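# Coordinate inspection notes
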Amino acid sequence: MRNLTDNELENISGGGISIGAILGIGACITFLIGLIDGMIRPLKCN
């Protein structure tokens, strides 16, 4: 294993998650919870 220089350390990219990805995952989870809730406990529209 070799040690990286300061310049090499500053140029490392990757491993991050974007705000859009977090929102997308949250939207999918919310949709799935609503879908399962609607199947288990169907309510009439008023």
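Residues numbered from 1 in each chain as written. Predicted model: local features only at pLDDT ≥ 70, side-chain atom pairs only at ≥ 80, totals over all residues. Heavy atoms only, no water.

Turning our attention to the overall build of the protein. Secondary structure assignment for the protein yields 2 helices and 0 strands. For the protein, the spread of C-alpha atoms along the principal axes amounts to about 65 × 20 × 5 Å. Buried residues in the protein amount to 0% of all 46 residues. Carbon together with sulfur atoms contributes 65% to the accessible area of the protein, which is approximately 4700 Å² in total. (Helix = DSSP H or I, 4+ residues; strand = E, 2+ residues; numbered from the N terminus. Buried < 20%, exposed > 50% of the residue type's maximum accessible area, 1.4 Å probe, protein only. Areas by Shrake-Rupley, 256 points an atom, 1.4 Å probe, with all protein chains shown as cover.)

On to the environment of Ile40. Looking at the element boundaries, Ile40 is found in helix α2 (residues 19–40). Taking the relative accessible area as the measure of exposure, Ile40 reaches 66% and is therefore exposed. For the pair Ile40 and Gly20, spaced 20 residues apart in sequence, the C-alpha separation works out to 30 Å.

With that settled, consider a nonpolar patch on the surface. Judged by side-chain polarity, Ile17, Ile19, Ile22, Leu23, Ile25, Ile29 and Ile33 come together as a nonpolar surface patch covering roughly 740 Å² of accessible area. Checked against the element boundaries, Ile25 lands in helix α2. (Patch = residues over 30% accessible without salt bridge, like charges linked within 9 Å, V, L, I, M, F, W, Y side chains within 5 Å. Salt bridge = Lys/Arg side-chain N within 4 Å of Asp/Glu carboxyl O.)

So, to be careful, I would describe these as geometric facts and stop short of saying anything about function.
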